[in-house]
Amino acid sequence: MAIDPSRLKPSDVTRLLNSTPLGTVLDDRQLYRHRQRAGFRISPDGRTVNLFRYLSWLVDERHGPRPETSTRDYEAMKEAARARNAALSAAGRDIGELPEVVDPERRERCRTSFRGFCEAYFPLTFSLTWSPDHLRVIAKIEQAVIRGGLFAMAMPRGSGKSSLAECACLWAMLYGHRDFVTLIGSDEGHALGMLESIRTELDANDLLLEDFPAACHPIRSLDGIANRCSGQLYKGERTQIGWTANEIVLPTIPGSEASGAIIRVAGITGRIRGMKFKRPDGHTVRPSLVVLDDPQTDESARSLSQCATRERILAGAVLGLAGPGKKISGIMPCTVIRPGDMADRILDREKHPEWNGERTKMVYAFPANEKLWEKYAEVRAESLRAHGDIRDATAFYLAHREEMDAGAEVAWAARFNHDEASALQHAMNLKLQDEAAFWAEYQNEPLPENVGGDEQLTADEIAQKLNGHRHGEVPIGCNHLTMFVDVQGKLLFWVVCAWESNFTGYVVAYGTFPDQRRRYFTLRDASPS
């Protein structure tokens, strides 16, 4: 492409001069200082640079005659040195010209598309195909950020709910959808971890720098040194950038949609009430979007009083952050730890319809052929003992895949590990690894906790009660039979006992109706029912 040396953009001048075998000879800050000193001698229209005049000016500066200086007194010399040092300091603190937006069409395309924003600027984070659950959650986030509202989502662990929440914060600020975002975690340390992730994206994501230079270029100019914030200048004016441990204030740049946007973190039991930020112009802003990432801990989820306390804080202090007469938008990615905990109640649309709770699962329907999966469990266990991996189990699954997949429905078909063949196999491996954790972390339906403590029977205690008779055989000394039936919603558990005259009892037979045709099962996975 032909270029006109008499009308070059400043960025093109830097790129052109640095393209010689000499390597880097000029940077944006040096060119900015030269333009300020040379003025219209090298930049007739004030926007472009005449390369020939610029080179001529550099030669004059380097080899031209120096004006004779008269002897000055000490105070005059000191004042000149001070002025010179001040000018050098200001030039060093000025970030120079902002780079041009590389792809304006891409930037504009993602303005109202949160999915497009995630795919365009975070390809490494969201590298797999979206599931229908992801697309539904993304639509709810778009609604909460652009039009307002509250949205709580429980997704299987590892589905990217925290990453979606972090990207939602960036999307809201960079496009000016929201000017003050608050991140709230189960404690402040949890929220600081999310803020650090956002900080890394703003400082190191080259795609964001290309299309949002007004927000990201001043951050890059800090070179990771937060102490430079207070002195940073753009065209001689302070950028008012903030880069502290618990708060980010994007630079104030005229014409930027993200100018002065704020993101601040707090723990849900910390100092939340009255959160506000006063801008240099005297205008006070309050949070307009709150993101609560897993606002409960394992300990608090097991305490009814702590759950109630956090629920009251959520309804009062958190939702009142916007100030009198204003509604705040909210996004809450959460995990149900135990039945009836804070997350379980917030997701319940009967109890909290304002939060529009969305509870997704890893598996929506389990496979019908349970006998093959029981055999798979045995092969998997033996493979782990013999090889330390599941190679034999995967081979068994591939040999019987059609039968083993029958009746199953998984949420995210692209989610499985390199040593697995499908998302269903991945889900069943997690279930075999720890069933209680699977139902809580991946199905968002935690199993009821055992509360019997020491009164629960152990395997050894049950083994000691074996009477030695075959199934269905009545001991000769017994003269009475009784049958017990435990009636459940979809299954009947029954047992027949034989009794001697002195009330010595024997279990004769036991089972379920309908018959499950397998040795081990629970009411939750009973089939048929």
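Residues numbered from 1 in each chain as written. Predicted model: local features only at pLDDT ≥ 70, side-chain atom pairs only at ≥ 80, totals over all residues. Heavy atoms only, no water.

A.B. asks: Would you mind going over the sheet that holds strand β12 (residues 358-359) with me for this structure?
C.D. replies: Consider a sheet: its strands pair through backbone hydrogen bonds, and that pairing is either parallel or antiparallel. Read from one edge of the open sheet, 8 strands run β5-β6-β7-β2-β10-β11-β1-β12, paired in mixed fashion. Single-partner strands in this sheet number two, and they are β5 (242-243) and β12. Bridging between β5 and strand β6 (residues 247-249) involves 2 bridges; their strand directions are antiparallel. Pairing of Gly242 across the sheet is with Val249, part of β6. (Pairing = 2+ DSSP bridges. Helix = DSSP H or I, 4+ residues; strand = E, 2+ residues; numbered from the N terminus.)

A.B. asks: Quick question: what am I supposed to make of unusual backbone geometry here?
C.D. replies: Working note: non-glycine residues mostly have negative phi, and peptide bonds are mostly trans. Between Phe513 and the following residue, Pro514, the backbone shows a cis peptide bond with an omega angle of -5 degrees. Its location among the elements puts Pro514 in the segment after β17 (505-513). Despite not being glycine, Lys235 has its phi angle at roughly 55 degrees, a positive value. Assignment of secondary structure puts Lys235 in the loop between β3 (233-234) and β4 (237-238). A positive phi angle, close to 45 degrees, is found at Asp294, a residue other than glycine.

A.B. asks: Would you explain the sheet that holds strand β15 (residues 480-487) in this entry?
C.D. replies: Spatial strand order, β15-β16-β17: 3 strands in an open sheet with antiparallel pairing. Two strands close off the open sheet at either side, each with one partner strand: β15 and β17. Across the sheet, the mean angle separating the axes of adjacent strands is 20 degrees when strand polarity is ignored. (Axes fitted to C-alpha atoms, helices over the stretch in contact; angles between N-to-C directions.)

A.B. asks: Help me understand the packing of helix α2 (residues 28-38) against helix α3 (residues 51-63), please; the structure alone is not making it clear to me.
C.D. replies: The relative placement of two packed helices is expressed as an angle between their axes plus a distance between the axes. Their axes nearest at 12 Å, the elements α2 and α3 cross at an angle of 85 degrees. One finds that α2 runs roughly perpendicular with respect to α3. Residue-level contacts link Leu31, His34, Arg37 and Ala38 of α2 to Tyr54, Trp57, Leu58 and Glu61 of α3. Taken together, the residues of the contact of α2 with α3 sort by class into 5 nonpolar, 1 polar and 2 charged. (Parallel < 35°, antiparallel > 145°, perpendicular 65-115°, else oblique. Contact = heavy atoms within 4.5 Å. Nonpolar A, V, L, I, M, F, W, Y, C, P; charged D, E, K, R; others polar.)

A.B. asks: I tried to follow empty space enclosed by the protein on my own but got confused; where do I start?
C.D. replies: Remark: the empty space left among the atoms is shown by a probe the size of a water molecule rolled over them. Across all of its chains, the model carries 1 cavity of 30 Å³ or more by this definition. Roughly 110 Å³ of volume is contained in the largest cavity. In terms of lining residues, the largest cavity is bounded by 16 residues, among which Pro156, Ser159, Met362, Ala411 and Trp412 are the most central. Elements with a minimum of two residues in the lining of the largest cavity: α7 (132-147) and α18 (423-433). Take the lining of the largest cavity: its biggest share by element is 3 residues, from α18. (1 Å grid on protein atoms, 1.4 Å probe; cavity = no way out; pocket = protein on both sides within 12 Å on 5 of 7 lines; lining within 4 Å. Points joined across faces, edges and corners; volume = space filled by probe spheres on them.)

A.B. asks: Help me out: how do you make sense of the packing of aromatic side chains in this one?
C.D. replies: What describes a pair of aromatic rings is the distance from one ring centre to the other and the angle between the planes of the rings. Scanning the entire structure with this criterion turns up 14 aromatic pairs. Their ring planes at 15 degrees and their centres at 6.5 Å tell us that Tyr54 and Trp57 sit as a pair that is stacked. Of the two residues, Tyr54 and Trp57 both sit in helix α3, 3 residues apart, roughly one turn of that helix. Here Tyr54 and Trp57 have matching classes, each one buried. Measuring from ring centre to ring centre gives 5.9 Å for Phe438 and Trp439, while their planes differ by 80 degrees; the resulting arrangement is edge-to-face. (Phe/Tyr/Trp six-rings, centres within 6.5 Å; stacked < 30°, edge-to-face > 60°. Buried < 20%, exposed > 50% of the residue type's maximum accessible area, 1.4 Å probe, protein only.)

A.B. asks: Teacher, can you tell me more about the environment of Ala365 here?
C.D. replies: Among the structural elements, Ala365 can be located in strand β13 (residues 363-365). Using a relative accessible area of 23% as the deciding quantity, one classes Ala365 as partly exposed. Sequence separation between Ala365 and Glu119 is 246 residues, and the spatial gap between their C-alpha atoms is 29 Å. Once residues lying within four places of it in the same chain are set aside, the contact partners of Ala365 are Gly407, Ala408 and Glu409.

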